[in-house]
Amino acid sequence: FPADKIRNFCIIAHIDHGKSTLADRLLEMTGAIAKTEKNKQVLDKLQVERERGITVKAQTASLFYSHQGEQYLLNLIDTPGHVDFSYEVSRSISACQGVLLIVDANQGIQAQTVANFYLAFEAQLTIIPILNKIDLKNADPKRVESQIEKVFDIPRDDCIRISAKHGTNVEMVLQAVVNRIPPPAVSSDDPFRALVFDSNFDHYRGVVANIAVFGGRVRKGDKIVSAHLGKTYEVNEIGLLRPDEHPTQRLYAGQVGYIIAGMKDVKEAQIGDTLYLQEQPVKALPGFKPAKAMVFAGMYPMDQSEYPGLRSAIERLTLNDSSVTVQKDSSLALGAGWRLGFLGLLHMEVFNQRLEQEYNASVIVTAPTVPYKAVLSSAKLIKNRRAIQKNMVYIDDQRVMMKYLFPLNEIVVDFYDLLKSLSSGYASFDYENAGYQAADLIKMDILLNGRSVEELITIVHRDRAYNTGKAMCERLKDSIPRQMFEIAVQAAIGSKIIARETIKAYRKNVLAKCYGGDITRKMKLLKRQAEGKKKMRRIGNVEVPKDAFINVLKRK
Ligand code: GDP
Ligand code: MG
């Protein structure tokens, strides 16, 4: 394929605005997949993606499209929609010359529409605005076109109105891709240079890296080097993704495809890294940033006998996700475990869900924390307000965009849920890292019958300590069942108790309802009670259900 017949683009959108549905239509219309009911969100392969309706791993598809007698190669690069993965989005974007910016014609511009727009705008890509779901009764494409003109300064006439669900006007999208997006400005005569924008681990073949070729060509047997790690590999296989792997002899400048080169760990194919030929060293492509964990949590087996099983599950899952950091850890209450770092809370939840679904692992996850830089000096004098308003823009008469500076620990657990419920689902939210700020923070302990629960040690703002401590005690009281003895739940700062709740003594006798006779029924009830116990952790003499560790942080 000559480079001038190639178009590289991705689809960006706020969650649920129809990115995966449009991708399915584009795949069908170009013959990459058959038109059947079963083909829903073809690019979303993971079970958690289908269940949650989100894209976690980016997937890529090369499409063949003929337009006015010419054959085109359209490389569609799917991107994860969530802010936790914005670095992956930015790398996918840098492999493209254009984006389809989808906006729900009913909901209009939302937080991630804006965040994703800026990623594409800063990368100087051609932006094709698309209004989706025009089939909906409440769709108001005119209003949303005004928003796009006002917020993004894109002429309303550029917008294409479609229904991805019914396929309406999707042909116009393909034509716009060919007509409006420029071909990649690359040459096959240059030295080989490719961007790694995603990677997966395959048990039989090792790492499969997705690459965009920015110059030259590569073929089987070539010796290649990864610029940031400086390691050398031999190319075993290369090919196109349609969206399944189709091996080819060569990959040329402008093409997007996959490469297998004996890498054993996804950490060797870091997203954003550059590959080049050993005999023709070139400068790395700009924009590489190692993934940085922002949310940390402890993970422990339910029972120490499950430690080896959980260890291998975590090892295998991290083989596929280079952005998770793992460190051994241990706790008095929970035994040996790990401290894992994630890009954000969704990332952590998805990881946990995959551990449970794909590896059948049962895990205790401790309260997520965010990194602090502690300064051990006398002055922590600056009193910070917890949120500082930065600016406010009216998108139209019904919607306003506000920017705040927030401490990350204030938004990490339940801010999003709270915002959604306060605004009846209308508000949307996005964040980016703004660096470290000084604050007046203290350490708070939670005690169960006088014994500190290591997992619940919290760093709080001094002004919030009393309220937070009281709320945590109340929630713990609700999530710990009554036991044979009374339990004191206390919050303390140093030796000073600032809040207390009491769980009265009581023991559920599951056999009370059986009048002697039926032994099998008795056994069943005892078994169920034993299973209930398995989900408990013992702290001192108190049994704590495993979800109490996370419930305690959620507001009602
Ligand atoms: P994504 O999160 O951006 O990938 O969004 P999806 O493609 O998963 O779509 C989210 C929901 O919107 C799904 O229930 C789709 O069936 C629905 N949807 C997508 N496109 C349309 C459309 O054109 N019309 C209607 N009525 N629903 C749509
Ligand atoms: Mg999707």
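Residues numbered from 1 in each chain as written. Chains lettered and ligands numbered in written order. Predicted model: local features only at pLDDT ≥ 70, side-chain atom pairs only at ≥ 80, totals over all residues. Heavy atoms only, no water.

Draft legend 1. Representation of the site of ligand 1 within the structure. Around ligand 1 sit 17 residues in total, of which Asp-16, Lys-19, Ser-20, Thr-21 and Asp-135 are the nearest. Residue Asp-16 places a main-chain N or O atom 2.8 Å away from an oxygen atom belonging to ligand 1. Expressed as a share of its isolated accessible area of 580 Å², the protein-covered part of ligand 1 is 80%. The element best represented in the shell around ligand 1 is helix α1 (residues 19–29), accounting for 3 residues. Grouping the constituent residues of the shell around ligand 1 by class yields 3 nonpolar, 9 polar and 5 charged. (Near = heavy atom within 4 Å. Polar contact = N/O pair within 3.5 Å; in protein donor to acceptor, adjacent residues only side chain to side chain. Areas by Shrake-Rupley, 256 points an atom, 1.4 Å probe, with all protein chains shown as cover. Helix = DSSP H or I, 4+ residues; strand = E, 2+ residues; numbered from the N terminus. Nonpolar A, V, L, I, M, F, W, Y, C, P; charged D, E, K, R; others polar.)

Draft legend 2. Looking closely at the pattern of salt bridges. Across all of its chains, the model carries 15 salt bridges by this definition. A salt bridge links Glu-474 to Lys-470; the nearest nitrogen and oxygen atoms lie 3.2 Å apart. You can see Glu-474 and its partner Lys-470 sitting in helix α11 (residues 465–479), 4 residues apart, about one turn around the helix. For Glu-474, a relative accessible area of 32% gives the class partly exposed. (Salt bridge = Lys/Arg side-chain N within 4 Å of Asp/Glu carboxyl O. Buried < 20%, exposed > 50% of the residue type's maximum accessible area, 1.4 Å probe, protein only.)

Draft legend 3. Highlighting the packing of aromatic side chains. Within this structure, the stated rule accounts for 5 aromatic pairs. Relative to Phe-152, the ring of Phe-117 lies with its centre 4.0 Å away and its plane at 20°, an arrangement referred to as stacked. Here Phe-152 lies in helix α5 (residues 141–152) and Phe-117 lies in helix α4 (residues 111–122), a separation of 35 residues in the sequence. In this structure, Phe-117 and Phe-152 share a single accessibility class: buried. Summarising the aromatic geometry, the rings of Tyr-307 and Trp-338 are spaced 4.6 Å apart at their centres and angled 10° between planes, so their arrangement reads as stacked. Note that Tyr-307 is positioned in helix α7 (residues 307–318) and Trp-338 in strand β19 (residues 335–342), a separation of 31 residues in sequence. (Phe/Tyr/Trp six-rings, centres within 6.5 Å; stacked < 30°, edge-to-face > 60°.)

Draft legend 4. Region of interest: the sheet that holds strand β16 (residues 274–277). Here we have 8 strands laid out as an open sheet, ordered β11-β10-β16-β7-β8-β15-β12-β13, and antiparallel in their pairing. For this open sheet the edge positions go to β11 (232–234) and β13 (245–247), each flanked by a neighbour on one side alone. Taken pair by pair, the neighbouring strands of this sheet meet at an average axis angle of 40°, ignoring direction. Two strands pair when backbone bridges link them, and strand β10 (residues 223–226) and β16 are joined in this way by 3 bridges, in the antiparallel orientation. Looking at the pairing, Ile-224 lines up with Leu-277 of β16. Sheet contacts for helix α3 (residues 86–94): β7 (193–202) and β8 (206–215); angle to β7, the most-contacted strand, approximately 135°. (Pairing = 2+ DSSP bridges. Axes fitted to C-alpha atoms, helices over the stretch in contact; angles between N-to-C directions. Contact = heavy atoms within 4.5 Å.)

Draft legend 5. Layout of the environment of Val-266. By the secondary structure assignment, Val-266 is in the loop between β15 (256–260) and β16. Along the sequence, Val-266 and Asn-200 sit 66 residues apart, while their C-alpha atoms lie 6.6 Å from each other.

Draft legend 6. Representation of unusual backbone geometry within the structure. Non-glycine residue Gln-68 carries a positive phi angle of around 50°. Examined against the element boundaries, Gln-68 turns out to sit in the loop between β2 (60–67) and β3 (70–77). On the basis of relative accessibility, which here comes to 71%, the residue Gln-68 falls in the exposed class. One non-glycine residue with positive phi stands out, namely Lys-133, at about 65°.

Draft legend 7. Seen up close, the pairing of strand β27 (residues 496–503). With 7 bridges connecting them, strand β26 (residues 487–493) and β27 associate as antiparallel partners. Pairing of Ala-488 across the sheet is with Thr-502, part of β27. A loop of 2 residues connects β26 with β27, the two strands running antiparallel in sequence, and Gly-494 in this loop sits at a positive phi of about 60°.

Draft legend 8. Broad picture of the confidence of the model for the chain. Looking at the chain as a whole, the pLDDT averages 79, with 74% of positions reaching at least 70. Counted against residues more than four places away or in other chains, residues 372–379, with its pLDDT under 50, gives 6 contacts. Low confidence marks residues 381–386, where pLDDT is under 50. Its contacts with residues over four positions away, or in another chain, come to 15 contacts. Across the whole predicted complex the pTM is 0.67, and at the interface the ipTM reaches 0.99. (pLDDT = per-residue confidence, 0-100.)

Draft legend 9. Seen up close, the pairing of β8. In terms of burial, β8 is a largely internal element, 9 of the 10 residues being buried. Of the pairings in the sheet, the one linking β7 to β8 comprises 9 bridges and is antiparallel in character. Looking at β8, one finds that Asn-200 is bridged to Val-208. Between β7 and the antiparallel strand that follows it, β8, lie 3 residues. Taken together, the 5 bridges between β8 and β15 define a ladder with antiparallel strand orientation. Its bridge partner lying in β15, Ala-209 is registered against Ile-259.

Draft legend 10. Fine view of the sheet that holds strand β6 (residues 160–161). Read across the open sheet, the 6 strands follow the order β2-β3-β1-β4-β5-β6; overall the sheet is mixed. In this open sheet, the two strands that pair with only one neighbour each are β2 and β6. Relative to β3, strand β1 (residues 6–13) is paired through 5 bridges, and the arrangement is parallel. Bridge pairing in β3 places Arg-7 opposite Leu-74. Running at roughly 155° to strand β5 (residues 126–132), α5 makes contact with β4 (98–104), β5 and β6 of the sheet.

Draft legend 11. Quick look at the nonpolar core. Core analysis: the biggest nonpolar cluster contains 30 residues, and Ile-148 and Phe-152 have the highest contact counts within it. At the level of secondary structure, the elements contributing two or more residues to this core comprise β1, α3, β4, α4, β5, α5 and β7. With 4 residues, the top contributor of residues to this core is α5. Discounting chain neighbours no more than four positions away, the residues touching Ile-148 are Val-103, Ile-109, Pro-129, Leu-131, Asp-153, Ile-154 and Cys-159. Grouped together as the second largest cluster of nonpolar side chains are 28 residues, Leu-334, Ala-465, Met-472 and Val-542 included. (Core = buried A, V, L, I, M, F, W, Y, C linked by side-chain atoms within 4.5 Å.)

Draft legend 12. Representation of the packing of α7 against helix α8 (residues 345–358). Close contact between α7 and α8 brings their axes to 10 Å; oriented N to C, the two are set at 120°. Judged on the interaxial angle alone, α8 and α7 are oblique. Regarding α7 and α8, the two cross each other, and that crossing is right-handed. Mapping the contact onto sequence places Leu-310, Ala-313, Ile-314, Leu-317 and Thr-318 in α7 and Phe-351, Arg-354, Leu-355 and Glu-358 in α8. Residues that form the contact of α7 with α8 fall into these classes: 6 nonpolar, 1 polar and 2 charged. (Parallel < 35°, antiparallel > 145°, perpendicular 65-115°, else oblique. Left-handed = near helix turned anticlockwise from the far one by under 90°.)

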